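The chain contents come next:
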Amino acid sequence: VATLAGTLEVLVSAPTPFVLVIAPLSLATSVIGIYSLVSTLVWGRLAFGIPFHVAHWLAFVVAVPATILGLGLLGFAFASTFVLYRSANALSNMLEWPVLLVTGMLVPLSLLPGWAGPIAWLLAPTWGVQAIREAALGGTPWPDIGVTIGLGLVYLAIGAVCLRHFETAARRHATLSLT
Amino acid sequence: VTGLRVFFVGLRFHVKALTHSVFFLLTSIFMPLLVATVAYYMYRAGNQSGSLLYVSLGAAVYGIWSSTLFGSGGAIQWQRWQGRWRYWSRRRRRSSS
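Note that the coordinates shown come from a computational prediction; the quantities given were computed from them, not determined experimentally. (Residues numbered from 1 in each chain as written. Chains lettered and ligands numbered in written order. Predicted model: local features only at pLDDT ≥ 70, side-chain atom pairs only at ≥ 80, totals over all residues. Heavy atoms only, no water.)

Draft legend 1. Summary view of the overall build of chain B. Across its full length, chain B holds four helices and zero strands. Reading the helices (α) and strands (β) of chain B from amino to carboxyl end gives α-α-α-α. Among the 97 residues that make up chain B, the fraction classed as buried is 47%. Counting only contacts in chain B whose residues sit at least 6 apart along the sequence, the fraction spanning at least 24 positions is 45%. For chain B, the accessible area works out to roughly 5,400 Å², and carbon and sulfur atoms hold 64% of it. (Helix = DSSP H or I, 4+ residues; strand = E, 2+ residues; numbered from the N terminus. Buried < 20%, exposed > 50% of the residue type's maximum accessible area, 1.4 Å probe, protein only. Contact = heavy atoms within 4.5 Å. Areas by Shrake-Rupley, 256 points an atom, 1.4 Å probe, with all protein chains shown as cover.)

Structure follows, in structure tokens:
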């Protein structure tokens, strides 16, 4: 049908940018993180009796998807580099705990050494967790939400550039199917 | 507009696909619960009961981070194993030639 209609060439030559293929996948894994978010809060409530009071519901409802977006796009930036090397996904295992520590998810940033601060500021999870905490416990979450989304867009740009570059490099060296 | 549509259709598809994977869901839930439990006991040992919601929210975000990293780490590999990688690559090659 496409051949008869003369649209086949157009369909074939209208490429879907690769960023639109990989970014949703990375973001989808972050969306699945909602399961762990809910289960963690429920577990805290049931097993440890932690009350769940939210000071600013609107900010909380905005902060959670903003954090998911920021983290998902950070994951996309990582995923874009994995095009080049087959074993690069092993890096993801290596990055889990350092980012957990340096972004203040469990340990307050004030307890970490001074050099950890600038690293934390560049990572969206730092601002995302801060936004969620300030929305729940009281504070000013909106600037943190803004920084989380802004950093996410920066990651998207970095990831798109890396993806294009690494894909071209992998093709040039004929290693695309080997990577 | 088409790009956004592709993006959101892809997002919906992948979320559906991932929620059908019991293994992925268990991984997403089990590890954060483990980390949260350790963190709760540590904070309780430190007599900081007022901070329990603080650490609970941190552990919850860790859950998002954990599943993100697991997913993004395997993003390319999964597509390769499922046989989709070569089609995407071929399509891009045609378009650039």
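Draft legend 2. How the structure looks around the overall build of chain A. Assigned secondary structure in chain A consists of eight helices and zero strands. Beginning at the N terminus, the succession of helices and strands in chain A can be written as α-α-α-α-α-α-α-α. Sorting the 179 residues of chain A into buried and exposed places 48% on the buried side. Pairs at least 24 residues apart make up 71% of the contacts formed inside chain A by residues separated by at least 6 positions.

Draft legend 3. Quick peek at helix H1 (residues 2-19) of chain B. Residue and element names in this part refer to chain B. Over its 18 residues, H1 extends 26 Å from the first C-alpha to the last, a length consistent with the 26 Å expected when each residue adds 1.5 Å. Among all positions in H1, only Phe7, Gly10, Leu11, His14 and Leu18 are buried. Burial along H1 is one-sided: seen end-on, the buried residues are contained in an arc of 105°. Opposite the buried face of H1, by more than 90 degrees, sit the exposed residues Thr2, Arg5 and Arg12. (Expected span 1.5 Å × (residues − 1). Arc of directions from axis to C-beta.)

Draft legend 4. Here's a closer look at empty space enclosed by the protein. Considering all chains together, one arrives at one cavity of 30 Å³ or more under this definition. There is about 30 Å³ of room inside the largest cavity. Lining the largest cavity, in full, are Leu41(A), Arg45(A), Ile50(A), Pro51(A), Phe52(A), Leu53(B) and Ser56(B). When residues of the lining of the largest cavity are traced back to their parent elements, those giving at least two are helix H3 (19-48) of chain A together with helix H3 (52-81) of chain B. For the lining of the largest cavity, the per-class residue count stands at five nonpolar, one polar and one charged. (1 Å grid on protein atoms, 1.4 Å probe; cavity = no way out; pocket = protein on both sides within 12 Å on 5 of 7 lines; lining within 4 Å. Points joined across faces, edges and corners; volume = space filled by probe spheres on them. Nonpolar A, V, L, I, M, F, W, Y, C, P; charged D, E, K, R; others polar.)

Draft legend 5. The interface of chain B and chain A, seen in detail. Facing the 59 residues of chain B at the interface are 68 residues of chain A. Of the roughly 5,900 Å² buried between chain B and chain A, counting both surfaces, carbon and sulfur atoms make up 74%. In this assembly, chain B and chain A are joined by zero salt bridges. At the junction of chain B and chain A, the tally comes to nine residue pairs in polar contact (both at pLDDT 80 or more). Elements with a minimum of two residues in the side of chain B that touches chain A: H1, helix H2 (22-45), H3 and helix H4 (85-96) of chain B. At 26 residues, the largest contribution of residues to the side of chain B that touches chain A is made by H3(B). Each residue belonging to the side of chain B that touches chain A can be placed in one class, and the counts come to 33 nonpolar, 20 polar and six charged. (Buried area = accessible area lost by both parts, 1.4 Å probe. Salt bridge = Lys/Arg side-chain N within 4 Å of Asp/Glu carboxyl O. Polar contact = N/O pair within 3.5 Å; in protein donor to acceptor, adjacent residues only side chain to side chain.)

Draft legend 6. Here's a closer look at the environment of Leu11(B). Along the chain, Leu11(B) turns up in helix H1. Leaving out residues up to four positions away in the same chain, Leu11(B) has contacts with Pro24(A), Leu27(A), Ala28(A) and Val31(A).

Draft legend 7. Layout of a nonpolar patch on the surface. Taken together, Ile34(A), Val38(A), Val42(A) and Leu46(A) make up a surface patch of nonpolar side chains, about 360 Å² in accessible area. Residue Val42(A) is classed as partly exposed on the basis of its relative accessible area of 41%. (Patch = residues over 30% accessible without salt bridge, like charges linked within 9 Å, V, L, I, M, F, W, Y side chains within 5 Å.)

Draft legend 8. Just the nonpolar core, in detail. Counting 50 residues, the largest nonpolar core has Phe60(A), Tyr155(A) and Trp65(B) as the members making the most contacts within it. For this core, the secondary-structure elements that each account for two or more residues are H3, helix H4 (57-81), helix H5 (90-102), helix H7 (124-137) and helix H8 (141-172) of chain A together with H2 and H3 of chain B. The contacts of Trp65(B), once residues within four sequence positions are left out, are Leu71(A), Leu74(A), Phe78(A), Leu95(A), Glu96(A), Val99(A), Leu100(A), Met105(A) and Pro125(A). Counting residues in hydrophobic clusters, the runner-up holds 16 residues, among them Phe18(A), Leu20(A), Ala28(A) and Leu25(B). (Core = buried A, V, L, I, M, F, W, Y, C linked by side-chain atoms within 4.5 Å.)

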